[in-house]
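The residues making up each chain are set out below.
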Amino acid sequence: MPAIDPERYSLLVHGLVERPTVFTLADLKRFPGRSIIRFLECSGNGGRAYRTDEQDAEVTPQVIDGLTSTSEWTGVPLATLFREVGASPKARWFLAEAMDAAVMTRSIPIEKAEDDALIAYAQNGEALRPEQGYPARLLLPGFEGSSNVKWIRRLELADGPFMTREETSKYTDPLPDGTARMFSFVMDAKSIITEPAWPDRLTGPGWWEIRGLAWSGRGRITRVDVSADGGRTWQAATLDEPILPKCHTRFRQAWRWSGGEALLMSRATDETGYVQPSRDALLKVRGPSTSYHFNNIRAWRVRSDGSVRLAGSRA
């Protein structure tokens, strides 16, 4: 991560604007701020649950889906900065560029700036930590993590995407029909059961509570269904408050274990009506070579001895 003197930090906003401007950190903090609670997630999160053929994988929920978190973010709305510099009506995309050694760059549709994007300078009530992009970073709620460029130093407005390395050779998926999936920013609805899960062991038949997390880059989670028989039947789980847009939402469901083998699954639905797909459904449209956005249903196998393992793709 770059070592940055906050007194020397600057953010250049230029391109299709009336007034190209360099903003210092102090300048950014003078604008009316906004604080929002939102999740961030690596676009490669969940790959173990998509690709594995292991029938009894000894992996924790953290290993499967741990590349995500929810925080309170504080900053200046990007729409405010774009109004300040006089963004042209012809601008349809903007380039976000970092000051790290890789010079991370991503093209972002201008509509996201007009929606809920921030230039964030604080997280959970304190200044951003160095590894989180200090002094300032781009925050794009609901978009894949790599597009939330850290250590932001430049925003350039243009009439089309910039086709950078990170959106051509990276963060682009080959599809089964020979085409490529590009600019797939939004993290679709997904969920994972966190209890029971490996390395848990149920100590005997009776009532247990199935618990987990669900989230969506498109808004609020409205429903989570839980199955204990591999998806043959489903029951609606209880969602814990607060249920916030683009945030992790906890769910829970009472389950009576008979003592035999069971296959636990969860399936999330968000406020757009989108339903978390099965692995087979996702594989059909995305193919085996995809590297990002693994939101298929996860399954845990409970054995008759009470041990729990991640069920593989053949479950």
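These numbers were taken from a predicted model, which means no experiment stands behind them.

According to the stated counting rule, one finds zero disulfides in the structure shown. Of all cysteine sulfurs, the one in cysteine 42 lies closest to cysteine 247, which takes part in no disulfide; the gap is 19 Å.

Counted according to the given criterion, the structure contains seven aromatic pairs. Relative to phenylalanine 94, the ring of phenylalanine 82 lies with its centre 5.5 Å away and its plane at 75°, an arrangement referred to as edge-to-face. With phenylalanine 82 in helix 4 (residues 78-85) and phenylalanine 94 in strand 5 (residues 93-98), this pair connects stretches of sequence that are 12 residues apart. Residue phenylalanine 94 is classed as buried on the basis of its relative accessible area of 0%. Put simply, the rings of Trp93, Phe143, Phe183 and Phe185 touch in pairs and so form one group of aromatic residues. Positioned above the aromatic ring of tyrosine 50 is the side chain of arginine 279, whose terminal nitrogen or guanidinium carbon lies 5.3 Å from the ring centre.

Now for the pattern of salt bridges. For the coordinates displayed, the defined rule picks out 25 salt bridges. With a shortest N-O distance of 2.7 Å, lysine 190 and glutamate 41 are connected by a salt bridge. Residue lysine 190 is found in strand 13 (residues 190-195), and its partner glutamate 41 is found in strand 3 (residues 34-41); the two are separated by 149 residues along the sequence. As far as the burial class goes, lysine 190 and glutamate 41 line up, both buried.

Right, let's get into the side chain of lysine 190. By relative accessible area, which is 2% here, lysine 190 ends up buried. Reaching out from lysine 190, the side chain makes a polar contact with the side chain of glutamate 41 at a distance of 2.7 Å. Setting aside residues up to four positions removed in sequence, lysine 190 forms contacts with Glu41, Asn45, Asp65, Leu213, Ala214, Trp215, Ala268, Gln276, Phe294, Asn295 and Arg298.

Let's shift gears to the environment of glycine 312. Secondary-structure assignment places glycine 312 in the segment after strand 21 (308-310). What makes glycine 312 buried here is its relative accessible area of 7%. Taking C-alpha positions, glycine 312 is 31 Å from proline 141, a pair spaced 171 residues apart along the chain.

On to unusual backbone geometry, then. Look at the link from tyrosine 134 to proline 135: it is a cis peptide, with omega at 5°. Geometrically, the link from glutamate 195 to proline 196 is a cis peptide bond, its omega value of -5° lying close to zero. Within the secondary structure, proline 196 is located in the loop between strand 13 and strand 14 (206-215). Residues other than glycine seldom take positive phi values, yet tryptophan 151 does so here, at roughly 50°. Turning to its location among the elements, tryptophan 151 is positioned in the loop between strand 9 (137-139) and strand 10 (152-158). The buried category is assigned to tryptophan 151, whose relative accessible area is 9%. Of note in this structure, phenylalanine 183 is not a glycine but carries a positive phi near 50°. As for its position among the elements, phenylalanine 183 is in the loop between strand 12 (180-181) and strand 13.

The sheet contact formed by strand 13 and strand 14 spans five bridges and is antiparallel. Within the sheet, the bridge partner assigned to isoleucine 192 lies in strand 14 and is leucine 213. Note that strand 14 and strand 18 (residues 249-257) share nine bridges and pair antiparallel. Within strand 18, the position partnered with glycine 212 by the bridge is phenylalanine 251.

With that out of the way, let us pick up the sheet that holds strand 2 (residues 21-24). Note: strands within a sheet are paired through backbone hydrogen bonds, in either parallel or antiparallel orientation. Here we have five strands laid out as an open sheet, ordered 2-1-10-5-6, and mixed in their pairing. Two strands close off the open sheet at either side, each with one partner strand: strand 2 and strand 6 (105-109). When the angles between neighbouring strand axes are averaged without regard to direction, this sheet yields 20°. Sheet topology places strand 5 next to strand 10; six bridges connect them, and they run antiparallel. Bridge assignment links alanine 98 to a residue of strand 10, and that residue is isoleucine 152. Contacts between helix 4 and the sheet are confined to strand 1 (10-15), strand 2, strand 5 and strand 10, with strand 2 contributing the most and set at about 135° to the helix.

Each value, and the rule that gives it
Within every chain, residues take consecutive numbers counted from 1 along the sequence as written. Totals for whole chains, interfaces and linings use every residue, but because this is a predicted model, local features are given only for residues with pLDDT of at least 70 and side-chain atom pairs only at 80 or more, for both listing and counting. As a rule here, side-chain values come from all non-hydrogen atoms in the structure, and water together with hydrogens is ignored. The term disulfide is used for any two cysteine sulfur atoms that are within 2.5 Å. Only centres within 6.5 Å qualify two rings of Phe, Tyr or Trp (six-membered ring in Trp) as a pair; their planes then separate them into stacked at under 30 degrees, edge-to-face at over 60, and tilted for everything else. Secondary structure follows DSSP: runs of H or I at least 4 residues long count as helices, runs of E at least 2 residues long count as strands, and numbering of each begins at the N terminus. The buried label applies to any residue whose accessible area, calculated with a 1.4 Å probe on protein chains only, is under 20% of its type's maximum; exposed applies above 50%, and partly exposed to all values in between. Charge-over-ring placement is defined geometrically: NZ (Lys) or CZ (Arg) within 6 Å of the ring centre, and within 35 degrees of the ring normal. Throughout this description, the term salt bridge denotes a Lys or Arg side-chain nitrogen within 4 Å of a carboxyl oxygen of Asp or Glu. Pairs of N or O atoms are called polar contacts if they sit within 3.5 Å, as long as, within protein, a hydrogen donor faces a hydrogen acceptor (for residues adjacent in sequence, only side-chain-to-side-chain pairs). Throughout, a residue-residue contact means that at least one pair of heavy atoms, one from each residue, lies within 4.5 Å. Two strands pair under a simple rule: DSSP has to find at least two bridges between them. Lines fitted to C-alpha atoms define the axes here, with helix axes fitted over just the stretch in contact, and angles between the N-to-C directions of these axes take values from 0 to 180 degrees.

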